[in-house]
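Here's the letter readout for the chains.
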Amino acid sequence: MANISPFPANQSGDATEVANRLAPPQVPAPQRRARDPRLDFFRGIAMFIILCAHIPGNRWTGWIPARFGFSDATEIFVFCSGMASAVAFGSTFARRGWLIGTARVIFRCWQVYWAHIGLFVFIATTMAALDLYGGFDKSYIGSLNLKPFFENPVPQLVGLMTLAYVPNYFDILPMYLVVLGLMPVMMGLERIGFWAVAAASIGIWLLANPYMAGFGPDGIGLSAEPWSQREWFFNPFGWQLLFFTGFAFMAGWLPAPPVSKWLIGLSAAYLVLLAPFGSWKVFLWVDAAMPALGDLIRPTWAVTSEWREKTDFGLLRYGHFLALAYLAWVAAGEGGKHLIATGHSLAARIWAGLLRIISKVGQQSLAVFVFSMALARLLGLGLDLTNRSVLTTAFFNLLGFALIIGCAYTAAWFKSHPWKTKK
C-alpha cells in the first residue's frame, strides 16, 4: 500500500513519534477555584432579610438586624458582593489583563442596569394595575411615591433611563452599578500598590462624608429626582468603601484577621454597648428599664446622626458591620468548616439541607434580589387583603421564602443550559 503519511517513509522513527515531538506541550487546564461556603451562605441570609424588610407592613421587620444596631442586610449584600467580585472579576483582571477585565465589568454593569429598568417597569405597572382595577381605598402608586412619574412621564422617563430619577425602593441596584463602575479604576491603581487603592477608596468615602475631615455636612452625591434636592438613598461614593473592603479581603490584599479572644470580646462589646444608640427599639427597652441611662443616651442621637447615617455610610455603621462580620467569620470557622454539614443523623441531614438551600439563594443573588423586590409588593397586597394576624403574617413570609428559593433553583437550572447536549 502506498505511504500516505505526511512524513517520509525513510525518516527515523514512525510518524506518531515525530508528531508527538512537534506537537505543542499540553498545558494543564487551570483549576477552578472552589466557592467559599461563607460567601454564599451569608449572601443567602441577606436575601431572606431583604425580602422581609421590603414587605409593606410586615411584622417580621421588627426583628431584622437593623432593629438591633447600625448595620443591616444592605451591608451584608454590599460586602459579599465585593468578595464575589474579587473571585469573578479579579481573576479575569489577573489572567486576561486590564482591558478584558474592564470589558467584563462593563458587561455586568449592562446586566445590572437592565435589571434595574425591568424591575421598575414591572413594579410601576403592577401598582398602576392595582390602582386602575383593584378598587382599593389606598393608592399603591402613592405608596411608592410614583405619582410624579405618572403625572409627568416625559422628563421622568428620561430621568429613569439616565439614572437621574431614582425613587426610593429602587436605589440598591443603581448604587451597585456605580460601585461596579469604580472597579476598573481600583484595579488600575492596584498596579501601583494596595496603598493607592486604599487611599482612593478612603478619599472617595471622605468626599461623601466630609464631616470626618471637618468640612461640613454636605458631601458629594447623586440627585435622585429633578424637582427636589433629594439624593440617592444609597450614596455609591460612601458605600464603595464597604464593597472594596470585601474585595480586598477576598483578593488577599488584606490579611485575614486573627482569631483572638480579645478581638471577639471587643467586637461583641461594640455591638452590645452601641445597640441603644443604633436602634430606637433597643433604646426604648433601655429607657424603660433604666430611665437615667436613657436620659444620657437620648441627647447623643442628634450628635451622632452623621456618624450613623445610612445614605452616606457613616463611620459607626462601618465599624458596626466589621464587628458583626468578624464574629460571623469566627463562628463559621476556618474555610467555613462549620457551614459544611457532616454526619448522617437526622439533625445533620436537616442542617445540610438548610445549608444547601441558603447557599443556593446566595449563589443566585442578583436574580433572587430582583425577584424578591417585585414579590415583596405582591406579598404586601396579600397582607392588605387579610387581617395581618400573626399566622397570616407568618404564612406570607414563609410563602415568600419558598418562592425566592424556587427562583434560585430555577435561575441555576437555566444557567446550566440544560438544552445543550452534554458529551
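Residues numbered from 1 in each chain as written. Predicted model: local features only at pLDDT ≥ 70, side-chain atom pairs only at ≥ 80, totals over all residues. Heavy atoms only, no water.

Novice: Explanation requested: the overall build of the protein in the structure shown.
Specialist: A tally of helices and strands in the protein yields 20 helices and zero strands. Among the 423 residues that make up the protein, the fraction classed as buried is 44%. For the protein, restricting intrachain contacts to residue pairs at least 6 apart in sequence, the fraction spanning at least 24 positions comes to 71%. (Helix = DSSP H or I, 4+ residues; strand = E, 2+ residues; numbered from the N terminus. Buried < 20%, exposed > 50% of the residue type's maximum accessible area, 1.4 Å probe, protein only. Contact = heavy atoms within 4.5 Å.)

Novice: Looking at this structure, how should I read the pattern of salt bridges?
Specialist: If the charged atoms of two oppositely charged side chains come close together, the side chains can form a pair. Applying the stated criterion across every chain, the model contains nine salt bridges. For the salt bridge of Asp72 with Lys310, the shortest nitrogen-to-oxygen distance reads 2.6 Å. In this pair, Asp72 sits in the loop between helix H2 (37-54) and helix H3 (73-96) while Lys310 sits in the loop between helix H16 (300-303) and helix H17 (315-332), placing the two residues 238 residues apart along the sequence. Since its relative accessible area comes to 9%, Asp72 is described here as buried. Looking at Lys310, the relative accessible area reads 22%, which means it is partly exposed. Close ionic contact of Asp287 with Arg298 constitutes a salt bridge, the shortest N to O distance being 3.0 Å. Of this pair, Asp287 sits in helix H14 (residues 280-289) while Arg298 sits in the loop between helix H15 (291-297) and H16, and the two are 11 residues apart along the sequence. Look at the salt bridges and you will find they share partners, linking Asp72, Glu75, Lys310 and Arg317 into a network. (Salt bridge = Lys/Arg side-chain N within 4 Å of Asp/Glu carboxyl O.)

Novice: Which parts of the structure should I look at to understand the side chain of Gln156?
Specialist: Here Gln156 lies in helix H7 (residues 153-162). What makes Gln156 buried here is its relative accessible area of 5%. Excluding anything up to four places from it in sequence, Gln156 contacts Pro148, Phe149, Tyr165, Pro226 and Trp227.

Novice: Looking at this structure, I do not really get unusual backbone geometry. What am I missing?
Specialist: Most peptide bonds are trans, and most residues other than glycine sit at a negative phi. Look at Tyr169: it is not a glycine, yet its phi comes out positive at around 90°. Among the secondary structure elements, Tyr169 is positioned in the loop between H7 and helix H8 (172-181). Taking the relative accessible area as the measure of exposure, Tyr169 reaches 11% and is therefore buried. With phi around 55°, Arg388 is a residue other than glycine that occupies positive phi space.

Novice: Can you help me understand a nonpolar patch on the surface in this one?
Specialist: A grouping of Phe107, Trp110, Trp114, Leu157 and Met161 is seen on the molecular surface, where their side chains present a nonpolar patch of about 540 Å² in accessible area. The element contributing the most residues to the nonpolar patch is helix H4 (residues 98-133), with three residues. On the secondary structure map, Leu157 appears in helix H7. (Patch = residues over 30% accessible without salt bridge, like charges linked within 9 Å, V, L, I, M, F, W, Y side chains within 5 Å. Areas by Shrake-Rupley, 256 points an atom, 1.4 Å probe, with all protein chains shown as cover.)

Novice: Explain the environment of Ala408 here, please?
Specialist: Within the element layout of this structure, Ala408 appears in helix H20 (residues 390-415). With 45 residues separating them along the chain, Ala408 and Gln363 place their C-alpha atoms 7.8 Å apart. Residue contacts for Ala408: discarding those within four places in its chain leaves Lys360, Val361, Gln364 and Val368.

Novice: Got a minute to help me understand the packing of aromatic side chains in this structure?
Specialist: Between two aromatic rings, the relevant description is the distance of the centres plus the angle of the planes. Inspection of the entire model under this criterion finds 32 aromatic pairs. A ring pair is formed by Trp63 and Trp285, whose centres lie 6.5 Å apart and whose planes are at 35°; its orientation type is tilted. Taken as a pair, Trp63 in the loop between H2 and H3 and Trp285 in helix H14 lie far apart in primary sequence, 222 residues in all. Judged by relative accessible area, which is 45%, Trp285 ranks as partly exposed. Ring geometry for Tyr113 versus Trp114: centroids 5.1 Å apart, planes at 80°, classification edge-to-face. An aromatic cluster of at least three residues, connected via ring pairs, comprises Phe120, Phe149, Phe150, Tyr165, Tyr169, Phe170 and Trp227. Lys281 extends its terminal NZ or CZ atom over the ring of Trp63, reaching a point 3.6 Å from the ring centre. Above the ring of Tyr169, the side-chain terminus of Arg377 is found at 4.9 Å from the ring centroid. (Phe/Tyr/Trp six-rings, centres within 6.5 Å; stacked < 30°, edge-to-face > 60°. Lys NZ or Arg CZ within 6 Å of the ring centre and 35° of its normal.)

Novice: Hey, could you run me through helix H9 (residues 183-190) in this one?
Specialist: Think of an α-helix as 3.6 residues a turn; residues three or four steps apart then line up on the same face. For H9, the complete set of buried residues consists of Met183, Pro184, Met186 and Met187. On an axial view of H9, the arc spanned by its buried residues comes to 160°, and they lie on one face. As for H9, its buried residues are in contact with H3, H4, H8, helix H10 (194-208) and helix H11 (236-251). (Arc of directions from axis to C-beta.)

Novice: I'm lost on the environment of Leu327 in this one. Help?
Specialist: Turning to its location among the elements, Leu327 is positioned in helix H17. Considered as a pair, Leu327 and Val259 are 68 residues apart in the sequence and their alpha carbons are 9.5 Å apart. In this structure Leu327 touches Ile264, Ser267, Ala268 and Leu271, once residues within four positions along its chain are discounted.

Novice: I would appreciate a short explanation of the nonpolar core in the present structure.
Specialist: The biggest cluster of nonpolar side chains holds 98 residues, and the ones touching the most others in it are Met183 and Phe243. With 12 residues, H4 is the single largest residue contributor to this core. Those residues in contact with Met183 that lie beyond four places of it in its chain are Ser85, Phe89, Phe93, Val105, Phe243, Phe244 and Phe247. Counting six residues, the second-largest nonpolar core is a separate cluster that includes Val282, Phe283, Ile297 and Trp301. (Core = buried A, V, L, I, M, F, W, Y, C linked by side-chain atoms within 4.5 Å.)

Novice: I would appreciate a short explanation of the packing of H3 against H9 in the present structure.
Specialist: Axis separation between H3 and H9 bottoms out at 12 Å; the angle between their running directions is 55°. Classified by the angle their axes make, H3 and H9 are oblique. Between H3 and H9 lies a crossing of right-handed hand. Only Met183, Pro184 and Met187 of H9 make contact with H3, whose side of the interface consists of Ser85, Phe89 and Phe93. Across the contact of H3 with H9, the residue classes tally to five nonpolar, one polar and no charged. (Axes fitted to C-alpha atoms, helices over the stretch in contact; angles between N-to-C directions. Parallel < 35°, antiparallel > 145°, perpendicular 65-115°, else oblique. Left-handed = near helix turned anticlockwise from the far one by under 90°. Nonpolar A, V, L, I, M, F, W, Y, C, P; charged D, E, K, R; others polar.)

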